Amino acid sequence: GPLGDATGAGVPNLLKYALGIPPKRPGNSGMPVGTVAQNGASKHLTLTYTRALDADVSIEVQVCGNLTTWVSGSEHTTEVSRVSNGDNTETVTIRDNTPVANGIRRFMRLKVSEAP
């Protein structure tokens with residue numbers, strides 16, 4: 001099922017399906033990668049992930065400053081790039097619109113849901 005984890009790596013089948021990761025691949029390779037990237041004079045959190053183009057799922061990048069109130073959408077994030085990998089997947093990079101600064105905490109996560 002969607003919440004199953006065939007390899008015991010802590011990565012549910014739904015997430016592997018959305019990211020184009022074979023369900024029985026051991027470990028957690030292919031998971032989203034977070035970085036801090038320079039954007040002009042400021043630095044921003046970014047999240048890069050590979051998306052399976054034929055996966056019937058909803059993928060949403062969410063951001064917050066307190067690990068409680070998660071938000072998403074163009075008011076809060078910006079798509080930096082979307083590149084076709086030529087294998088029915090694409091690599092997407094999303095940036096948090098709030099700059100990283102001393103004393104300001106920022107977090108990003110990928111929310112994957114089954115399509116209605």
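Before reading further, recall that the structure is shown in the block above.
Residues numbered from 1 in each chain as written. Predicted model: local features only at pLDDT ≥ 70, side-chain atom pairs only at ≥ 80, totals over all residues. Heavy atoms only, no water.

Digging into the sheet that holds strand S4 (residues 77-84)
As a reminder of what qualifies: One bridge is not enough; two strands pair if DSSP finds at least two bridges between them. Strands here are runs of E lasting at least two residues and helices are runs of H or I lasting at least four, both read from the DSSP assignment and numbered beginning at the N terminus. Helix axes are fitted only over the stretch in contact, all axes being lines through C-alpha atoms; the angle between N-to-C directions runs from 0 to 180 degrees.
Here we have four strands laid out as an open sheet, ordered S1-S2-S5-S4, and antiparallel in their pairing. If you trace the sheet from one side to the other, it starts and ends with strand S1 (33-39) and S4, each paired once. Averaged over all neighbouring strand pairs, the angle between strand axes comes to 30°, with direction disregarded. Pairing geometry for S1 and strand S2 (residues 42-52), over seven bridges, is antiparallel. Counted as the bridge partner of Ala-37 is His-44 from S2.

Some words on the side chain of Thr-46
Selection rule: We call two N or O atoms a polar contact when they sit within 3.5 Å, provided that within protein one can donate a hydrogen and the other can accept it, with sequence-adjacent residues counted only if both atoms are side-chain atoms. The contact definition used throughout considers only heavy atoms, calling two residues in contact when any of these lie within 4.5 Å.
Looking at where Thr-46 falls in the secondary structure, it is placed in strand S2. Side chain to side chain, Thr-46 and Thr-35 meet in a polar contact 2.5 Å long. Setting aside chain neighbours within four positions, we find Thr-46 in contact with Val-33, Gly-34, Thr-35, Ala-37, Thr-93, Ile-94, Arg-95 and Met-108.

So, the pairing of strand S5 (residues 89-96)
To keep it simple, the criterion reads: Only protein chains enter the accessibility calculation, which uses a 1.4 Å probe; a residue is then buried when its area is under 20% of its type maximum, exposed when over 50%, and partly exposed in between.
Judged by how many residues are buried, S5 sits mostly within the fold: seven of eight residues are covered. Where S2 lies against S5, seven bridges are found, and the strand directions are antiparallel. Bridged to Ala-52 within S5 is Thr-89. Connecting the antiparallel pair S4 and S5 is a turn made up of four residues, with Gly-86 showing a positive phi of about 75°.

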